[in-house]
Amino acid sequence: MADDQTQPERDLPEAGTSAPRGTSHMAQQLRGENAAVRELLLALSVGFTLPGPLPAGLDHKLASPDSPDLDAVVQRAESSGLLLADGTVVGPAQHALLNVTPTARVHALQRELVGFVSAEGRPLGDLARELARGGLADPRVAAELEAAADKALQHDPGLAAQLYSEALLAGADELRTAARRAQAAAAAGDLDAAGRIIDGLLMSSDPPDVRLGVDVAASVWAQRGLLVRSADLYAWLGPANVGRSAPLAAVAMVGSGNRAGAAEIFPTGSEPVSPTLLAVALSQTGKGVMESMERDPHRGLPLLIHASDMLNASGSALPLPDTPGALAALLALHSGEPQVADTIIRSAVAARQGGDAARPRLHLLQAWSAMQQDDADEARLAINEASKANHWPLVPRDEFLCAALEVGLARRSGDVHDLVMAWERAREAMLHTAVDLYSLQPWGEMMIAAARLRETPRVAHYLDEAWALLTKLGEPPLWAVPLHWAAVQAALLNKSPADLAPHAAALVRAADYSHLAAVLAAAGKAWVSVLAGRFQATDVENAARGLKVVGMPWEGARLAGHAAAQAEERRDMVRLLACARDLHPHGGPTGPPTGPPAGLSPEVRRSAAENNHGAHPDSSGLSEREKEVARLVLEGKTYREIGEAIYISPRTAEHHIARMRRRLGAENRSDLLVRLRLALGADYPGPD
């Protein structure tokens, strides 16, 4: 450098002495005969390593007869304390050299370094990231970062997003990488960023990689709970351009009610575009959904299970409107097989099917399966897993599913306060989503809860959309049956036979194609007979036990318990109460068993258990059964509500309360409430 010649020479510290405090100042003063030291330190600061190769300018300087050789320069640099024994420049000196050297000179050295590494056939590795973050625009650096991002995209989308951003800094083409950058952003949970990137791609005159871009956008819209927008995107792409994404287009179109469009874009007999696990998994997914639309839908579930297994094996995490594991679980739930749904989901979760973005939905469907099987504890564990699966909040689709789960669990617990709170959350969640085929079960739960809380008008237009969707799809039995059952339960709660009739008739019509429909039709008929006060205990018990077979033990217990409360004959009441307890054992006491002694006939044992279960009081003066009744009394429940909650008759509940009043010496109801609170003590937390 010209200015090096004009600066006065300065001595470096003697060997063995420490570097001066002003290391940055020392770096700036390396001129004259020490210029070679400066050049070496700068080269090493940029990323070159000893023993070489080194920049051409430095090699030329060291080759001069007037300059010391490399070993002497290295020794002088080490003696100064600016170069460590491992060949790295001390931090302050490195920082100073890079700051005082013109940027163009630094970048020229970095490009020379990249050339050396490339010529040797070695990857740049982390150096590429440092160079990009340092502002070096170089196509070789950009290409390596882009390739690294492509490799990370499937298993670490967060890292891929960072690498794509750094590739842009190094000069990568923004439009050409847009679809993959959007995929990384969506998989990393940043739906807004993914949407913005895709908007920029689709607005260009000739968007590259447009099919992947549409896949990403369709996945984002589906997670936002607006599956119809996903279908619109595939319709815009068209059959000629959809390629291997045709099965995904079919999933989106069927889910939003466009069965004809799905058949056009993914015709019957379509074969996978290649024999790979991924291609076959996608093809089977589309075929499984299409088969689920048929009058006899039984082929759909095996196809989707196969698709889920193959996607698990492939390890791919492509953007999807919904994963085959989730779709297979939905079909199993709609078929009355929640145990099968649970098995499918556990396999998908273990294989990380769909990547991190899909995990919350899989856990929530696992919770739904547990709720159907009357396992509230397992359902809440799965909800908790969903909430902590990722560091970002639940997407709107999953938030609505989670809220509907909370409604369902609160409704089954019988706690009106919890139900009202869950309902308020669900009402807000449903404002951010829309009806589609794959959300009918949550909407059915909302329908029943709305009837229970006299809030039906708030969900009426959503339910109108659900019925219209099913009509457009030709009333496919597999998908329609659970919603008809929900409508039957809502009509029963509203005491509206006129509203019940068409849904009961739909269940009867579907019974020829669906075992679940046949069971639900029998259960609906039993409910009507119970409410009319004209029923046979045998028919009710058979219907209740049939509900358990299709994964609805709580519904079966509720039917049997309600019938027991209406029974005129004591033996019928005892029989139905025993059935209810058998189907829903959690409705009984939680403490240790204190029932009647062994050796009695089953009927006598059941009757004794009903009237004297846990009859031995503790220090509170109340038996375990009486404590249960006391808690319900303090919650303000009537005799009938107490009976339905713990599966005893209203008369038995009345007898329990009368005995507690006598035992506690209460003179009236107000006095009884005070004494019950004192008797329960720590066992009764009081109202919220």
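Residues numbered from 1 in each chain as written. Predicted model: local features only at pLDDT ≥ 70, side-chain atom pairs only at ≥ 80, totals over all residues. Heavy atoms only, no water.

Colleague: Run through the overall build of the protein, naming residues and quoting values.
Modeller: Within the protein one finds 38 helices and zero strands. For the protein, with 688 residues in total, the buried portion stands at 53%. The contacts of the protein with a sequence gap of at least 6 include a subset with a gap of at least 24, amounting to 64%. Looking at the protein as shown, the accessible area adds up to about 30,600 Å², and 53% of this sits on carbon and sulfur atoms. (Helix = DSSP H or I, 4+ residues; strand = E, 2+ residues; numbered from the N terminus. Buried < 20%, exposed > 50% of the residue type's maximum accessible area, 1.4 Å probe, protein only. Contact = heavy atoms within 4.5 Å. Areas by Shrake-Rupley, 256 points an atom, 1.4 Å probe, with all protein chains shown as cover.)

Colleague: Hey, could you go over the nonpolar core for me, with residue numbers and the actual values?
Modeller: Counting residues in each nonpolar core, the largest one holds 114 residues, and the members touching the most others are Tyr234, Leu437, Tyr438 and Trp479. For tyrosine 438, the contacting residues outside a window of four places in its chain are Leu227, Val251, Val254, Gly255, Val289, Asp322, Leu327, Leu330, Arg361 and Trp479. Val74, Leu83, Leu124 and Leu136 belong to the second largest nonpolar core, which has 45 residues in total. (Core = buried A, V, L, I, M, F, W, Y, C linked by side-chain atoms within 4.5 Å.)

Colleague: Describe the packing of aromatic side chains, listing the residues and the values that go with them.
Modeller: Counted under the stated rule, the structure contains four aromatic pairs. Judged by centre distance (4.5 Å) and plane angle (35 degrees), the rings of phenylalanine 400 and tryptophan 443 are tilted. A residue pair is termed long-range when its members are at least 10 positions apart, and phenylalanine 400 in helix H24 (residues 396-413) and tryptophan 443 in helix H26 (residues 440-453) qualify at 43 residues. Considered together, phenylalanine 400 and tryptophan 443 belong to a single accessibility category, that of buried residues. Geometrically, the ring pair formed by tryptophan 443 and tyrosine 462 is stacked, given 4.7 Å between the ring centres and 20 degrees between the ring planes. Of the two residues, tryptophan 443 is situated in helix H26 and tyrosine 462 in helix H27 (residues 460-472); the sequence distance between them amounts to 19 residues. Taking relative accessible area as the criterion, tyrosine 462 reaches 8% and is therefore assigned buried. (Phe/Tyr/Trp six-rings, centres within 6.5 Å; stacked < 30°, edge-to-face > 60°.)

Colleague: Can you break down the environment of alanine 187 residue by residue, with the values?
Modeller: Residue position: alanine 187 is located in helix H11 (residues 178-187). For alanine 187 and glycine 354, which are 167 residues apart along the polypeptide, the C-alpha to C-alpha distance reads 8.8 Å. Excluding anything up to four places from it in sequence, alanine 187 contacts Pro157, Ala357 and Trp392.

Colleague: Please set out the side chain of histidine 503 residue by residue, giving values where relevant.
Modeller: Note that histidine 503 resides in helix H29 (residues 497-510). Side-chain polar atoms of histidine 503 contact the side chain of histidine 484, separated by 3.0 Å. Not counting chain neighbours up to four residues away, the residues in contact with histidine 503 comprise Trp467, His484, Ala487 and Val488. (Polar contact = N/O pair within 3.5 Å; in protein donor to acceptor, adjacent residues only side chain to side chain.)

Colleague: A description of empty space enclosed by the protein should follow, citing residues and the corresponding values.
Modeller: All told, the structure shown has five cavities of 30 Å³ or more when counted by the stated rule. Looking at the largest cavity, its volume works out to about 180 Å³. Taken together, 16 residues make up the lining of the largest cavity; nearest its centre are Gln372, Gln441, Pro482, Trp485 and Ala486. When contributions to the lining of the largest cavity are tallied by element, the ones reaching two or more residues are helix H22 (359-372), H24, H26 and helix H28 (477-493). In this structure, the second largest cavity encloses a volume near 130 Å³. Taken together, 16 residues line the second largest cavity, and the ones lying closest to its centre are Arg361, Leu401, Tyr438, Ser439 and Pro442. Breaking the lining of the second largest cavity down by element, the ones donating at least two residues are H22, H24 and H26. Within the lining of the second largest cavity, the residues separate by chemical class into nine nonpolar, four polar and three charged. (1 Å grid on protein atoms, 1.4 Å probe; cavity = no way out; pocket = protein on both sides within 12 Å on 5 of 7 lines; lining within 4 Å. Points joined across faces, edges and corners; volume = space filled by probe spheres on them. Nonpolar A, V, L, I, M, F, W, Y, C, P; charged D, E, K, R; others polar.)

Colleague: Any details on the confidence of the model for the protein? Residues and values, ideally.
Modeller: Here the protein averages 85 in pLDDT, while 89% of its residues score no lower than 70. Throughout residues 1-20 the model reports pLDDT below 50, and contacts reaching past four residues in sequence, or to other chains, amount to 31 contacts. (pLDDT = per-residue confidence, 0-100.)

Colleague: Before we move on, could you go through the packing of helix H3 (residues 35-46) against helix H6 (residues 91-100) and cite the residues and values that matter?
Modeller: Relative to each other, H3 and H6 sit at 95 degrees, their axes nearing to 9 Å. Judged on the interaxial angle alone, H6 and H3 are roughly perpendicular. Each of Arg38, Leu41, Leu42, Leu44, Ser45 and Val46 in H3 lies in contact with H6, whose residues at this interface are Gln94, Leu97, Leu98 and Val100. Within the contact of H3 with H6, the residues separate by chemical class into seven nonpolar, two polar and one charged. (Axes fitted to C-alpha atoms, helices over the stretch in contact; angles between N-to-C directions. Parallel < 35°, antiparallel > 145°, perpendicular 65-115°, else oblique.)

Colleague: Talk me through the pattern of salt bridges; I want residue IDs and the actual numbers.
Modeller: Here the structure, examined in full by the defined rule, presents 30 salt bridges. Its salt-bridge partner being aspartate 138, residue arginine 140 comes within 2.9 Å of it at the nearest N-O pair. Here arginine 140 falls in the partly exposed class, since its relative accessible area comes to 35%. Assessed through its relative accessible area of 3%, aspartate 138 is described here as buried. Close ionic contact of glutamate 455 with arginine 458 constitutes a salt bridge, the shortest N to O distance being 2.7 Å. One salt-bridge network, in which partners are shared between bridges, spans Glu146, Asp150, Arg176 and Arg180. (Salt bridge = Lys/Arg side-chain N within 4 Å of Asp/Glu carboxyl O.)

Colleague: Could you give an account of H24, naming the residues involved and the relevant values?
Modeller: Taking 1.5 Å as the rise per residue, H24 with 18 residues should run 26 Å; its terminal C-alpha atoms sit 26 Å apart, in good agreement. Most of H24 is tucked away, with 15 of its 18 residues classed as buried. Directly after H24, the chain includes glycine 414, whose backbone phi takes a positive value near 80 degrees. (Expected span 1.5 Å × (residues − 1).)

Colleague: Describe the environment of leucine 311, naming the residues involved and giving the relevant values.
Modeller: Locating leucine 311 in the fold gives a position in helix H19 (residues 300-314). The spatial distance from the C-alpha of leucine 311 to the C-alpha of glutamine 353 is 6.9 Å, given a sequence separation of 42 residues.

Colleague: A description of unusual backbone geometry should follow, citing residues and the corresponding values.
Modeller: A cis amide bond, omega 10 degrees, links leucine 50 with the succeeding residue proline 51. Even without a glycine there, the phi angle at aspartate 209 is positive, about 55 degrees. By the secondary structure assignment, aspartate 209 is in the loop between helix H12 (191-202) and helix H13 (210-223).

Colleague: Explain helix H20 (residues 324-334) to me, and be specific about the residues and the numbers.
Modeller: Burial of H20 is extensive: eleven of the eleven residues sit out of reach of the surface. For H20, the full list of buried residues reads Pro324, Gly325, Ala326, Leu327, Ala328, Ala329, Leu330, Leu331, Ala332, Leu333 and His334.

Colleague: If you had to explain the packing of H3 against helix H5 (residues 70-79) to someone new, which residues and values would you point to?
Modeller: Remark: H3 packs on H5, axes separated minimally by 9 Å, with the N-to-C direction vectors making an angle of 80 degrees. With respect to H5, the element H3 is oriented roughly perpendicular. Residues Ala36, Val37, Leu40 and Leu41 of H3 form the contact with H5, whose participating residues are Leu70, Val73, Val74, Arg76 and Ala77.

Colleague: Can you lay out the environment of alanine 184 for me, pointing to particular residues and giving the numbers?
Modeller: Mapped onto the elements of the fold, alanine 184 is located in helix H11. With relative accessibility at 0%, the residue alanine 184 sits in the buried group. For the pair alanine 184 and leucine 163, spaced 21 residues apart in sequence, the C-alpha separation works out to 10.0 Å. With sequence-adjacent residues up to four places away left out, alanine 184 is seen in contact with Leu153, Pro157, Ala160, Ala161 and Tyr164.

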